[in-house]
Amino acid sequence: MFIVVGINNHEEIYIIIYCFILLILNIDYIRDYNNIKEGLKDLSSDVELLVNPHGISWMFFVLIFNFFRRWLIYLLALFITGNVVVLIISCVLVVADLYDRLFNNTLAKLKKSKIRLFLTVVDTVYILFFVIYLIL
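Residues numbered from 1 in each chain as written. Predicted model: local features only at pLDDT ≥ 70, side-chain atom pairs only at ≥ 80, totals over all residues. Heavy atoms only, no water.

(A) Molecular detail of the side chain of arginine 70. Here arginine 70 lies in helix H2 (residues 56-81). Among the polar contacts made by the side chain of arginine 70, one reaches the side chain of aspartate 97 at a distance of 3.4 Å. Here threonine 120 takes part through its side chain, which lies 3.0 Å from a polar atom of the side chain of arginine 70. Once you skip the residues sitting within four places of it in the chain, arginine 70 turns out to touch Asp97, Arg101, Arg116, Leu119, Thr120 and Asp123. (Helix = DSSP H or I, 4+ residues; strand = E, 2+ residues; numbered from the N terminus. Polar contact = N/O pair within 3.5 Å; in protein donor to acceptor, adjacent residues only side chain to side chain. Contact = heavy atoms within 4.5 Å.)

(B) Highlighting helix H5 (residues 115-135). The terminal C-alpha atoms of H5 lie 30 Å apart, and with 21 residues this matches the ideal 30 Å at 1.5 Å per residue to within 8%. Along H5, the residues that are buried comprise Leu119, Thr120, Asp123, Thr124, Tyr126, Ile127, Phe130, Val131 and Leu134. (Expected span 1.5 Å × (residues − 1). Buried < 20%, exposed > 50% of the residue type's maximum accessible area, 1.4 Å probe, protein only.)

(C) Quick look at the environment of isoleucine 89. Turning to its location among the elements, isoleucine 89 is positioned in helix H3 (residues 84-103). For isoleucine 89 and tyrosine 126, which are 37 residues apart along the polypeptide, the C-alpha to C-alpha distance reads 8.9 Å.

(D) Region of interest: the packing of aromatic side chains. Enumeration over the complete set of coordinates arrives at five aromatic pairs. Pairing phenylalanine 67 with phenylalanine 68 gives two aromatic rings, centres 5.1 Å apart and planes at 80°, and the pair type is edge-to-face. A residue is classified by how much of its surface remains accessible, and phenylalanine 68, at 49% relative accessible area, is partly exposed. (Phe/Tyr/Trp six-rings, centres within 6.5 Å; stacked < 30°, edge-to-face > 60°.)

(E) Spotlight on the nonpolar core. Judged by nonpolar contacts, the single largest core of 20 residues is most densely connected at Cys19, Ile73, Ile127 and Phe130. Where this core is concerned, the elements lending two or more residues are helix H1 (9-42), H2, H3 and H5. If sequence neighbours within four positions are ignored, isoleucine 127 has contacts with Cys19, Leu22, Leu23, Asn26 and Ile73. (Core = buried A, V, L, I, M, F, W, Y, C linked by side-chain atoms within 4.5 Å.)

(F) Quick look at the pattern of salt bridges. Under the counting rule described, the total for this entry stands at six salt bridges. Put simply, arginine 31 and aspartate 28 hold a salt bridge, and the shortest N to O gap is 2.8 Å. Taken together, the positions of arginine 31 and aspartate 28, both in helix H1 and three residues apart, correspond to about one turn of that helix. (Salt bridge = Lys/Arg side-chain N within 4 Å of Asp/Glu carboxyl O.)

(G) Just the side chain of threonine 81, in detail. Here threonine 81 is to be found in helix H2. A residue is classified by how much of its surface remains accessible, and threonine 81, at 19% relative accessible area, is buried.

Now the structure itself:
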């Protein structure tokens, strides 16, 4: 059903390094989440942003960033494992991430939303299982 991509040992090492970089970013975000929320509470909604969060160029930038931050690892995991469960989990995570990035882009919504924390925790577990799969 899926195309399972064979990888060489050198490619596997690069994928594992990429996964460890993402794990470090995720763990730092989870650790600093309370400080980030406190910092957001201190900001008023009246603060003028230098970037229009509804602009098409900003959304394009955010989606490109998310591709390298989350979606690339989902695609790699899907193509390497070829598992239907990985496909379903990846699709759910991409849809949740798209919703978060496209509709929770104002300061007021960021203060209330916990979707990014949830996605980061699930993403961390996903990457850990994928690294274990690669090592075994």
